[in-house]
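Structure at a glance
Take a look at the letters that make up each chain.
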Amino acid sequence: MSSSIFNNNSISISVSDDESDELGRMQVRVRRKRKKHGHNRVRTELTQRLIRWFVKYWMLLIFLPASVLLIFEATRIGRKPGLVVNSEVNEVKKPSFLGNSELSKVKEPSQDKNSNLNRLDPTTHVVGGVRERCLKLLPAEELEHLDIPVDGESITSPVKRLVYIADHETPYGGENSTLSWQRTNGTRFNLFTGNQTLDEREKSFKVNETAVVHCGFFSENGGFKISDRDKSYMQTCKVVVSTCAFGGGDDLYQPIGMSEASLKKVCYVAFWDEITLAAQESQGNKIDEDGFIGKWRIVIVRDLPFVDQRLNGKIPKILPHRLFPHAQYSIWVDSKSQFRRDPLGVLEALLWHGNYVLAISEHGARSSVYDEAKAVVKKHKATPEEVDVQMTQYRQDGLPEDKRFNGKKALSEASVIVRKHTPLTNLFMCLWFNEVVRFTSRDQLSFPFVLWRLKVLKNINMFSVCMRKDLVNSMGHIRKAKPLTT
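These lines cover the structure that appears in this document, whether it is placed above or below. What you are looking at is a predicted structure, and each value in this text was computed from that prediction instead of being measured.

1. Some details on the nonpolar core
- If you look at the biggest cluster of nonpolar residues, it comprises 67 residues, and the most contacted ones within it are Phe224, Phe271, Phe324, Phe428 and Trp432.
- Counting residues per element, this core draws most heavily on helix α13 (residues 423-438), which supplies 10 residues.
- For Phe224, the residues in contact, after removing those within four places along its chain, are Phe192, Phe217, Phe246, Val301, Arg302, Asp303, Leu304, Pro305, Asn312, Ile315, Pro316 and Leu323.

2. As for the pairing of strand β7 (residues 239-245)
- Counting buried positions along β7 yields 7 of 7 residues, so the element is predominantly enclosed.
- In β7, alternate side chains face the same way, and those of Val239, Val241, Thr243 and Ala245 on one face and Val240, Ser242 and Cys244 on the other are all buried.
- Summarising the sheet, β7 and strand β8 (residues 266-272) pair through 7 bridges and their orientation is parallel. Bridged to Thr243 within β8 is Ala270.
- Here β7 pairs with strand β11 (residues 329-333) via 4 bridges, running parallel. Bridge pairing in β11 links Val240 to Ser330.

3. Digging into the state of the cysteines
- According to the stated counting rule, one finds 3 disulfides in the structure shown.
- Between the sulfur atoms of Cys134 and its disulfide partner Cys466 the distance amounts to 1.5 Å. Taken together, the residues span a long stretch of sequence, with Cys134 in the loop between β4 (130-133) and α2 (140-143) and Cys466 in helix α15 (residues 465-471) at a distance of 332 residues. When sorted by exposure, Cys134 lands in the same class as Cys466, which is buried.
- Through a disulfide, Cys237 is tied to Cys267; the S-S separation comes to 2.2 Å. Taking the torsion about the S-S bond as the criterion, the Cys237 to Cys267 disulfide, at about -105 degrees, is left-handed. Here Cys237, found in the loop between α5 (228-234) and β7, pairs with Cys267, found in strand β8; they are 30 residues apart in sequence, far enough to count as distant. For the pair formed by Cys237 and Cys267, the shared burial category is buried.
- Across the protein chain, the way the bonded cysteines pair up, counted in sequence order, is 1-6, 2-5, 3-4.

4. Observations concerning the packing of aromatic side chains
- Under the criterion given, the structure shown has 17 aromatic pairs.
- Plain terms: the ring middles of Phe205 and Phe449 are 5.6 Å apart, the flat faces sit at 90 degrees to each other, and that makes the pair edge-to-face. Placement of Phe205 in the loop between α4 (198-204) and β6 (210-213) and of Phe449 in helix α14 (residues 443-453) is noted, with a sequence separation of 244 residues between them. By the burial criterion, Phe205 is buried, and Phe449 matches it.
- Ring geometry for Phe217 against Phe224: centres 6.1 Å apart, planes inclined by 85 degrees, an arrangement best described as edge-to-face.
- Through pairs of rings, three or more aromatic residues link up here, namely Phe192, Phe217, Phe224, Phe246, Phe306 and Phe433.
- Geometry around Tyr164 places Arg322 over its ring, the cationic atom sitting 3.9 Å from the centre.
- Positioned above the aromatic ring of Phe205 is the side chain of Arg453, whose terminal nitrogen or guanidinium carbon lies 4.5 Å from the ring centre.

5. Some details on the pattern of salt bridges
- A full pass over the atoms with the stated rule returns 18 salt bridges.
- The salt bridge involving Arg188 is made with Asp308; its shortest N-O contact spans 3.6 Å. A residue pair is termed long-range when its members are at least 10 positions apart, and Arg188 in the loop between α3 (177-185) and α4 and Asp308 in the loop between β10 (296-300) and α8 (309-318) qualify at 120 residues.
- Its relative accessible area of 18% is what places Arg188 among the buried residues.

6. Section: the sheet that holds β8
- With respect to topology, 8 strands assemble into an open sheet ordered β9-β10-β8-β7-β11-β16-β13-β17, the strand pairing being mixed. One side of each edge strand has no neighbouring strand; the edge strands of this open sheet are β9 (292-293) and β17 (460-463).
- The pairing of strand β13 (residues 358-362) with strand β16 (residues 412-420) spans 4 bridges and is antiparallel. When the sheet's bridge partners are listed, Ile360 is paired in β16 with Ile417.
- Each of β7, β8 and β10 touches helix α7 (residues 274-282); the most contacted strand, β8, lies at about 95 degrees to it.

About the thresholds
Residues numbered from 1 in each chain as written. Predicted model: local features only at pLDDT ≥ 70, side-chain atom pairs only at ≥ 80, totals over all residues. Heavy atoms only, no water. Core = buried A, V, L, I, M, F, W, Y, C linked by side-chain atoms within 4.5 Å. Buried < 20%, exposed > 50% of the residue type's maximum accessible area, 1.4 Å probe, protein only. Helix = DSSP H or I, 4+ residues; strand = E, 2+ residues; numbered from the N terminus. Contact = heavy atoms within 4.5 Å. Pairing = 2+ DSSP bridges. Disulfide = S-S within 2.5 Å. Phe/Tyr/Trp six-rings, centres within 6.5 Å; stacked < 30°, edge-to-face > 60°. Lys NZ or Arg CZ within 6 Å of the ring centre and 35° of its normal. Salt bridge = Lys/Arg side-chain N within 4 Å of Asp/Glu carboxyl O. Axes fitted to C-alpha atoms, helices over the stretch in contact; angles between N-to-C directions.

Structure (structure tokens):
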């Protein structure tokens, strides 16, 4: 204990050392507490300010990132290349008319890492926890020695011979007369198709050893004119890969992935009209003196029989047996796609390996034709009136709501068609074409009906979307085709 004493009328105050220390500690605690309280107040005000700002501008915070993402995706779509974008000149081997290989200069698109063009990587999927390739092709060395099998027509086939209905003495003559007749009788039947009655339609589905059927090319004046030079070339084809672009709608994508052996045995034929020819020439894509652009033999078709360019495109798509009379096999590829596999390898994988005569890509989104009809109308692919006429007729004919016929998915996407040319498959395609002409150009709607009616055709391979993606690089349609006006 210590003390301090002041004299001269002063007051004496005694303070212990312990009390002095205690007061000091209290003052420190007070100062510290005040300091902490001030910090919390600032933080609270800042938090409240951020909350008020977020409530006021939350829509802007969402809108800005969405706008940036939308602009980015739009620029990616806009970078899809056409036939020639910053093109480079490459040398490719092209078979001449005489069968010899020769070199020709061809303009081919440059690679764009953001597009599907010229991709050869396989498409895969997971099966039982293991990733596998969707389309199982033979090894490259086996493809080089793969040949077209020599086999006669099966004696068990219910159709042995096909007779096509034709009229070589039609009274309707003159240039473009088929379009005039089409406008006169108010239907899409014309001099190219013949005027199939409902009674003839019904009889055509009755299978006999000799089948008599409408199958296009009804009259000499019906249109779809091809030069004698091109016809001579087409008669040499045993296996053909074909596509078409009418009305200038799509560019031409060079096929890739084939073996040297296939290149010598397979014809690649692209059908163009004069509109597409002019559009491609304006882009600098010229047909050489032998009629080729790259690997494609370009066949120019004049006097197309239909105003609807989609319907004109069904002729090479569905009726290759009428265009290539000596072909044993054909592969159809829509113009929006680039074929990227060996043709003989595809025939082996999709037909020969499973003893199929027809392989067609199934629909990825739907299975019922009636559901597809609703989707066609909703997407404005056809008018509600014409779709209703078709579905009403199919219901009257007894087409069920089933999503599978003969164990196969009922609905096809049909952008890739692989088939053997036999009397039975030829009959199937003729019946399909007649339905497309009678009703709508959406061939997905008529395929299930023909499959259901022609029950004798059972060995069909409805291959998966995964396989279709392995067969082609999908580029999408470049532009809308121009309709005929004359």
